[in-house]
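Listed here are the chains, written in short residue letters.
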Amino acid sequence: MSTRSRMLFARTAKAAALVVTGGLLLAAPATAIPLDLGSLNTGSLGSVDLGSLDPVLAPTPNLASVANFRDVAGNDGRGYATVDGSHLKRGVIYRSNALTATSDADKATLTGLGLADAYDLRGATEISNPFIGGADKLPDGVTYTNIPIEFKDLTQLATTIKSPEEAKQFLVDTNRSFVTDPVRRAGFKQVLSDIAAGDGVQLFHCTSGKDRTGWTAMLLQSIAGVPAQTIMDDYLLSNTYLQATNEKILAQISQALSPQVATNLEPALGVDASYLEAGLAQIASDYGTVDSYLTEGLGLTPDTIALLKVKLVG
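Since the model is a prediction, treat every value here as computed from it, not as a measurement. (Residues numbered from 1 in each chain as written. Predicted model: local features only at pLDDT ≥ 70, side-chain atom pairs only at ≥ 80, totals over all residues. Heavy atoms only, no water.)

1. A word on the layout of surface pockets
By volume, the largest pocket is sized at about 930 Å³. Together, 41 residues line the largest pocket, and Phe131, Ile132, Leu154, Thr207 and Ile249 are the ones closest to its centre. Those elements that provide at least two residues to the lining of the largest pocket are helix 4 (154–160), helix 5 (164–180), helix 9 (243–256) and helix 10 (259–269). Of the residues forming the lining of the largest pocket, the biggest block, six residues, is contributed by helix 9. Class assignment for the residues of the lining of the largest pocket results in 22 nonpolar, 13 polar and six charged. (1 Å grid on protein atoms, 1.4 Å probe; cavity = no way out; pocket = protein on both sides within 12 Å on 5 of 7 lines; lining within 4 Å. Points joined across faces, edges and corners; volume = space filled by probe spheres on them. Helix = DSSP H or I, 4+ residues; strand = E, 2+ residues; numbered from the N terminus. Nonpolar A, V, L, I, M, F, W, Y, C, P; charged D, E, K, R; others polar.)

Pasting the structure below:
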């Protein structure tokens, strides 16, 4: 390697060191520097997009104690593409299931990601439930905000759902209620407004991180201009992330109650395209478009929506 190449490599490595797991972006130098691409080793940072020279963050870490933790922008690469050819910014807004059993190791990972705020969408009865509830266990310095969007928890469902078809219908109706219920709409308005106003890395969650959390993620991705199919594919990923957890839950229900109760509840533990489609159909019926739902249904201001888009896309 020539002296000049060594100097360029040193300067590039120093810049790359600024890219931490928390999602900080590499600032462009005041003067353009020619890169010796043959000597550049990006290591754990992933690939570098040669068009923009913005770094691509390492894949979002899996949290052993928070099964459905992931990035709203996508877990690897440049982030989900938008309809206009942009990409969502990763490392800015995360989603998850409840953080009630967060291990010390996963707390350290969240600290490394730069987590500043956590928004808990669970209702009071879910949080206080002795079997599936509990307080969030967050790293020091993270601001916790409870924005309750009430929801039947698993113990309530076990006494009311009598067939798998009833479980599916429950979640179809639930997604419709995200559009028709003014109290639930107020909750979604608050979480989106708080994310827009928040500084630093944000995270929102409910109990399993799939229904209220999935709806919130859909709204954020829609604001950013993510294609409908990508939004649906991301929504359905909860089935993958929660598979092992749900298998354990169903085994426990089968043993404690009955195999039939476990069979009845299984559709309620996951997601199905028909659930989200029902909510989107209700939006089309009541408001015409997601944009109108955001402004007329939730009452978000254009400034709040613009702030969210800047956070998500830039």
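There is more to say after this.
2. Description of the packing of aromatic side chains
Evaluated as defined, the whole model comprises six aromatic pairs. On the basis of an interplanar angle of 20° and a centroid distance of 5.0 Å, the ring pair of Phe69 and Tyr94 is categorised as stacked. Of the two residues, Phe69 sits in the loop between helix 1 (3–16) and strand 1 (70–71) while Tyr94 sits in strand 2 (residues 93–96), which places them 25 residues apart along the sequence. The same class applies to Phe69 and to Tyr94, which are both buried. Here the aromatic rings of Phe178 and Trp215 are separated by 5.5 Å at their centres, their planes lie at 55°, and the arrangement is tilted. Of this pair, Phe178 sits in helix 5 while Trp215 sits in helix 7 (residues 212–224), and the two are 37 residues apart along the sequence. Taken individually, Phe178 and Trp215 each receive the classification buried, so the pair is uniform in this respect. In textbook terms, an aromatic cluster arises when at least three aromatic residues are bridged by ring pairs, as seen for Phe178, Phe188, Trp215, Tyr287 and Tyr293. (Phe/Tyr/Trp six-rings, centres within 6.5 Å; stacked < 30°, edge-to-face > 60°. Buried < 20%, exposed > 50% of the residue type's maximum accessible area, 1.4 Å probe, protein only.)

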